[in-house]
Amino acid sequence: MEVVTWVIQGLLSAVFAMAGFGKVTGSRMHIDSFRRWRYPQWFRIVTGVVELLAATLLIIGIWATTLAFYGVLLLVAISIGGILTHMRIKDTIKDTIPIASLGVLGLILAFLLLSINN
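A.B. asks: Can you tell me about unusual backbone geometry, naming the residues and giving the values?
C.D. replies: Phi is positive for arginine 38, which is not a glycine, with a value near 60°. With respect to the secondary-structure elements, arginine 38 resides in the loop between helix H2 (28–36) and helix H3 (41–60). Positive phi, normally seen in glycine, also occurs at lysine 90, with a value near 60°. Relative to the elements of secondary structure, lysine 90 occurs in the loop between helix H4 (65–88) and helix H5 (93–117).

Here it is, written out as structure tokens:
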């Protein structure tokens, strides 16, 4: 079961590290997305930093499960925010599915981490 947990941690940390890096460095896609969502650009940077922090916690969490749990909680919160953003601007399901899938994967990881600790 631990191997499955590590694989999910690695996948989520890679996805959110790439997304966070793109937000922090100001990739055109992220700049345009935050404009379309009517969020200020400073919020893009904050979101990117939180994503990078969560990804780091997940990586360190391979050796310290508690840190992985905190990291996945951050990612689930980010995912909920992303889902709500897509709903607010009435985006299509196609645009919402990626962040929703990552949120569900994060919830699965949270439950796996809880079962390992108990």
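Let us keep going from here.
A.B. asks: If you had to explain H4 to someone new, which residues and values would you point to?
C.D. replies: Here H4 spans 34 Å end to end across 24 residues, near enough to the 34 Å set by a 1.5 Å rise per residue. Its buried side turned inward, H4 meets helix H1 (2–25), H3 and H5. The positive-phi residue at the C-terminal boundary of H4 is lysine 90, with phi of around 60°.

Rules used throughout
Residues numbered from 1 in each chain as written. Predicted model: local features only at pLDDT ≥ 70, side-chain atom pairs only at ≥ 80, totals over all residues. Heavy atoms only, no water. Helix = DSSP H or I, 4+ residues; strand = E, 2+ residues; numbered from the N terminus. Expected span 1.5 Å × (residues − 1). Contact = heavy atoms within 4.5 Å.

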